[in-house]
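Chains, contacts and geometry: an overview
Residue-level listing of the chains:
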Amino acid sequence: MHKNEIIKIYGTNYKDMTKQLLERSDLAAEIPSPASRIGIKPNLVSPTPAEYGATTHPEVVTGIIEYLQERGFSRIVVLEGAWVGDKTSEAFEYCGYRVLSEQYGVELWDTQTDSSHMMDCAGVELRICDMVDKIDFLINVPVLKGHCQTRITCALKNSKGLIPNSEKRRFHTMGLHKPIAHLGAGVHQDFIVVDHICGDLDFEDGGNPVVRNCVMAAKDPVLVDAYVCRLLHYSVADVPYVGMAEKLGIGSADLSRAQISCIGRDQEGEIEQRRKVVAVEDAVEEVDSCSACYAALVPALDRLREEGLLEYLDEKIAIGQGYRGKHGSLGAGLCTAGFDVCVKGCPPTEEQVYKELKEYLLRRK
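Residues numbered from 1 in each chain as written. Predicted model: local features only at pLDDT ≥ 70, side-chain atom pairs only at ≥ 80, totals over all residues. Heavy atoms only, no water.

1. Observations regarding the layout of surface pockets
Convention followed: Cavities and pockets are defined on a 1 Å grid built over the protein atoms alone: a cavity is a set of grid points where a 1.4 Å probe fits but cannot escape, while a pocket is an open set with protein on both sides within 12 Å along at least five of seven lines, and lining residues are those with an atom within 4 Å of any such point. Grid points are joined across faces, edges and corners, and a volume is the space filled by probe spheres set on the points. Each helix corresponds to a stretch of at least 4 residues labelled H or I by DSSP, and each strand to a stretch of at least 2 residues labelled E; elements are numbered beginning at the N terminus. Each residue is assigned to one class: nonpolar for Ala, Val, Leu, Ile, Met, Phe, Trp, Tyr, Cys and Pro, charged for Asp, Glu, Lys and Arg, and polar for all the others, Gly among them.
Taken as a whole, the largest pocket spans an internal volume of roughly 380 Å³. Lining the largest pocket are 24 residues, with C148, Q149, T150, E281 and Y294 sitting closest to its centre. Secondary-structure elements contributing two or more residues to the lining of the largest pocket are β8 (145-147), α9 (276-280) and β13 (284-286). Its residues placed into classes, the lining of the largest pocket shows 8 nonpolar, 8 polar and 8 charged. Taken as a whole, the second largest pocket encloses approximately 290 Å³ of empty space. Lining the second largest pocket are 16 residues; nearest its centre among them are W83, D86, D205, T349 and E350. For the lining of the second largest pocket, the elements supplying multiple residues, two or more each, are α10 (291-306) and α11 (350-364).

2. Some thoughts on helix α2 (residues 58-70)
This is how it is decided: Each helix should span, by expectation, one fewer than its residue count multiplied by 1.5 Å. Residue burial is assigned from relative accessible area. The probe radius is 1.4 Å, only protein chains are included, and a residue is buried under 20% of its type maximum, exposed over 50%, and partly exposed in between.
If you check α2, its first and last C-alpha atoms are 18 Å apart, about what 13 residues at 1.5 Å a residue would give, namely 18 Å. Taking burial as the measure, the 13 residues of α2 include 10 buried ones, the bulk of the element. For α2, the complete set of buried residues consists of P58, V60, V61, T62, G63, I64, I65, E66, Y67 and L68. Downstream of α2 by a residue or two, G72 has a phi angle that is positive, lying close to 90°.

3. Some details on the pairing of strand β3 (residues 76-80)
Heads up, the condition is: Paired strands, in this sense, are two strands between which DSSP finds at least two bridges. Handedness is read with the strands pointing away from the viewer; a crossover is right-handed when the path from the first strand over the helix to the second is clockwise.
Counting buried positions along β3 gives 5 out of 5 residues, so the element sits mostly inside the fold. Covered by surrounding structure in β3 are I76, V78 and E80 together with V77 and L79, the residues of both alternating faces. Direction of pairing for strand β2 (residues 38-42) relative to β3: parallel, over a ladder of 3 bridges. Across the sheet, residue G39 finds its bridge partner in β3, namely V77. Since β2 and β3 lie parallel, the crossover through α2 that links them has a hand, and here it is right-handed. Pairing analysis gives 4 bridges linking β3 to strand β4 (residues 107-110), with the strands arranged parallel. Each residue of the ladder has a partner; that of E80, found in β4, is D110.

4. Description of the packing of helix α1 (residues 14-25) against α2
For clarity, the cut-off: Angular values range over 0 to 180 degrees, each being the angle between N-to-C directions of two axes fitted as lines to C-alpha atoms, with helices fitted over their stretch in contact. An angle below 35 degrees is treated as roughly parallel, one above 145 as roughly antiparallel, one from 65 to 115 as roughly perpendicular, and anything else as oblique. When the near helix sits turned anticlockwise from the far one by under a right angle, the crossing is termed left-handed; a clockwise turn instead gives a right-handed crossing. By definition, residues are in contact when any of their heavy atoms lie within 4.5 Å.
At their nearest, the axes of α1 and α2 sit 7 Å apart, and the two run at 50° to each other. Considering their axes alone, α1 and α2 lie oblique with respect to each other. Seen along the crossing, α1 lies across α2 with a hand that is right-handed. Listed contacts from α2 to Y14, K15, T18, K19, L22 and E23 of α1 are E59, V60, T62, G63, I64, E66, Y67 and E70. Across the contact of α1 with α2, the residue classes break down as 5 nonpolar, 3 polar and 6 charged.

See the structure below:
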């Protein structure tokens, strides 16, 4: 498979589709030897079922494992670290990966429990989990979906599951886009299988799945993310880490030179433009907030907007690590504990934010 290729397949038998895709891509030819330790990195951001639009379908990972085992590759592990506020062990269990592990004899590696080391990632020092160095060939299996802070998340950002929680928090103090781009220089993705089955095109933690029934294969994470930008009606400039990664030499964002093909009939069609985040972001004053906290606030605000209550908000809601030890009127998350009104939690849940802000707004109505 060439680095400028993206191959797609559509259907509803996700395991068999994935195996067909890997056969067409000739994945086996990319792996150094049968003795290589192969790491499969899904997106298990939280204990959320795949049909909710947030996590990688276990059927896709099953297809990868069966393809590899049928060709004599036996040293296979699934490695992941859920986002701050949730436990990977619970995500493994709830998302069906514990059963998958037992059925196929594949180890589950929880990077939240791993030690880590600092690494020079193209001029930026980042902390990487030690498990990454034990992998000879990394297969990234992201979900194509929206993100409330970076607009899209797919191949490049999925590597965040390979850094410790403390580093995930630090990423947000660094502006998020720059460390995501540089992480691509420190964690090399050898192959990418994109779960484009039913990702939520607004929020990374799901809730509004958009069914596409597609799986894609590629080798270039920058090209994949540039293609995702196009599918979701963004320019590459709208998602800064994609262009940054290209400048670092991690891949190419030039879709004019990409070869995009489909096994069977291409059912891509037009994806509805979604801008729920944009509709409510003016109500938020965000400084270095973690994804889980921000992802609880924004959909809660969208629900309040749909109910016509957001118009009664006459001040912005503060959120993020930049508000630790500070005072103000209204905040969300434990970092704003010093504010007059604060939805506490680290992170708070979406339902908690919704209920507490609704009560607050109804008092002001």
